[in-house]
Amino acid sequence: MTGPEIEETAGAPQSGMMPLITRLYPICRSITGDGVRATLDILGGEIELERHEIPSGTDVFDWTIPPEWNIRDAYIADGSGRRLIDFHEHNLHVLNYSTPIDTVMSRRALAAHVHTLPQHPDRIPYRTSYYQKRWGFCLTHNQWQGIPDGDYRVCIDADLKAGALTLGEVLLPGESETEIVFSTHVCHPSMCNDNLSGIAVLTRLFQWLSRRPRRYSYRALYVPGTIGSLSWLWLNRDRLDSVLGGLVLTGLGDPGGLTYKRSQQEDSCIDRLAALALADGGEDWEQRGFSPFGYDERQYCAPGFDLAVGRLSRTPFGEYSEYHTSADHLDFVSETQLQGALRACQRFVEYLEADRYWVNLSPCGEPQLGKRGLYGALGGSGGPDEFRLAMLWMLNQADGSRPVSDVARRSGLSMELLAEAAETLAEAGLLAPADAPASERKQ
């Protein structure tokens, strides 16, 4: 790949993501069930998806696929039958994975099954109970305060029975079987930043990737949180050596700047290129070290796999008040922020594709650039002096042990300019591609 191609595609206009998010927003998703399937049905109209279903009761490492959960209706009604709380008004109103119930009880008895946020009295909290049998309702605190003492009909019409956990994935083959994995979770009900934003960005990214040449192979994973990533790892445990690394995408539509959480390896090529891509994006960003607490990156980075998978988000989870509440709605995310995240992912891919190892074929002193017509060459990414400097850096550093990204970090020149200079020198017979060192080579 040459520098001008990087510059052109990184800035190209993209399809909007808010229409896709708006379409997915009403669906009640969980870690299993028809909500995940309905979501994958819609995504399958955007990009070609393959599905896998793992039966309930299957042991996945130290976990077991739980019974499948599907819900049809839920409400709290007064003596006249008037619904005070209605699942159909907002699917966060029900504790996700609630067991079924249909009874009459007092407000006092009901209180043990009600979840509110007194500090945000107009927001519905998002709560789950995947692995312990419970039932419950989530209300705004104001709603709960407005329900007087008395007896109430409590109904959750749901099933917990043998079924399956559903995974979606897309594989875009490249010249190499070495894979870059992008993963996003599809288990959350009606919340936009967490994680319809990750779903939308990943879908648009792979639409873009499907139209371009690829040195690496790329895999998109649409999986329920924790149990989904573990299930994919379990299904693919014998072929993980082909995975170079990748990114978990989540929380990409809020007003904050971009945040990259490094993989457990801390300084893998994935970590270095993600940092370079964000630094060159012209948007506020920060980098954080690895922690075993978080999203699915903690599964991919577990010691039994140790994949170089970082996480890209905007404001990290738990650090914005709208997190896991009904305030994470359609007005909380914006097309502008989603597009910025998409461009960062594209730049990361382009840097991966350009981050080759090169060897100098004329290493005994500086070769004469003038006789090859290169002394006054004008690169697409810089003026004559800057382009010549990029060529000199590549000639000096191309001993087969350093990728372009290392030269970029040392020289302060952009990946685009250095990649273009390397291609120009290769065309002149002065550089040749070299194999990556074993530590950063999968296949």
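Computed from a prediction, not measured in an experiment: that's the story for all the values here. (Residues numbered from 1 in each chain as written. Predicted model: local features only at pLDDT ≥ 70, side-chain atom pairs only at ≥ 80, totals over all residues. Heavy atoms only, no water.)

Engineer: I'm lost on the overall build of the protein in this one. Help?
Structural biologist: A count of helices and strands for the protein gives 13 helices and 19 strands. By principal-axis analysis of the C-alpha atoms, the protein measures approximately 95 × 40 × 35 Å. When the 443 residues of the protein are sorted by exposure, 59% land in the buried category. Put simply, of all contacts in the protein between residues at least 6 apart along the chain, 80% involve residues at least 24 apart. Split by element, the accessible area of the protein, about 17900 Å² in all, is 47% carbon and sulfur. Side chains of the protein carry 41 positive and 59 negative charges; the gap between the two charge centres is 2 Å. (Helix = DSSP H or I, 4+ residues; strand = E, 2+ residues; numbered from the N terminus. Buried < 20%, exposed > 50% of the residue type's maximum accessible area, 1.4 Å probe, protein only. Contact = heavy atoms within 4.5 Å. Areas by Shrake-Rupley, 256 points an atom, 1.4 Å probe, with all protein chains shown as cover. Lys, Arg positive; Asp, Glu negative; His and termini not counted. Charge placed at Lys NZ, Arg CZ, Asp CG, Glu CD.)

Engineer: Would you mind going over the packing of helix H12 (residues 404-411) against helix H13 (residues 415-427) with me for this structure?
Structural biologist: What describes two packed helices is the angle between their axes and the distance between those same axes. Two elements in contact, H12 and H13, have axes separated by 9 Å at closest approach and are oriented at 125°. One element, H12, and the other, H13, form an angle in the oblique class. The element H12 and its partner H13 pack so that their crossing is right-handed. Across the interface between the two elements, Val 404, Ser 405, Val 407, Ala 408 and Ser 411 of H12 pack against Met 415, Leu 418 and Ala 419 of H13. Each residue belonging to the contact of H12 with H13 can be placed in one class, and the counts come to six nonpolar, two polar and no charged. (Axes fitted to C-alpha atoms, helices over the stretch in contact; angles between N-to-C directions. Parallel < 35°, antiparallel > 145°, perpendicular 65-115°, else oblique. Left-handed = near helix turned anticlockwise from the far one by under 90°. Nonpolar A, V, L, I, M, F, W, Y, C, P; charged D, E, K, R; others polar.)

Engineer: It is not clear to me how the confidence of the model for the protein should be interpreted in this structure. Could you clarify?
Structural biologist: Regions with low pLDDT should not have their predicted coordinates read in detail. On average, residues of the protein score 93 in pLDDT, and 93% of them are at 70 or above. Confidence over residues 1-14 falls short of pLDDT 50; this stretch has 35 contacts with residues more than four positions distant or in other chains. (pLDDT = per-residue confidence, 0-100.)

Engineer: Help me understand the pattern of salt bridges, please; the structure alone is not making it clear to me.
Structural biologist: Pairing is possible between side chains that carry opposite charge, provided their charged atoms lie close to one another. This structure, assessed with the given rule, holds 27 salt bridges. In this structure, the salt-bridge partner of Asp 41 is Arg 51, at a minimum N-O distance of 2.2 Å. Taken together, the residues span a long stretch of sequence, with Asp 41 in helix H3 (residues 34-44) and Arg 51 in strand E1 (residues 50-55) at a distance of ten residues. Looking at Asp 41, the relative accessible area reads 49%, which means it is partly exposed. Using a relative accessible area of 33% as the deciding quantity, one classes Arg 51 as partly exposed. By sharing partners, the salt bridges in this structure join Asp 34, Arg 37, Glu 53 and Glu 68 into a single network. (Salt bridge = Lys/Arg side-chain N within 4 Å of Asp/Glu carboxyl O.)

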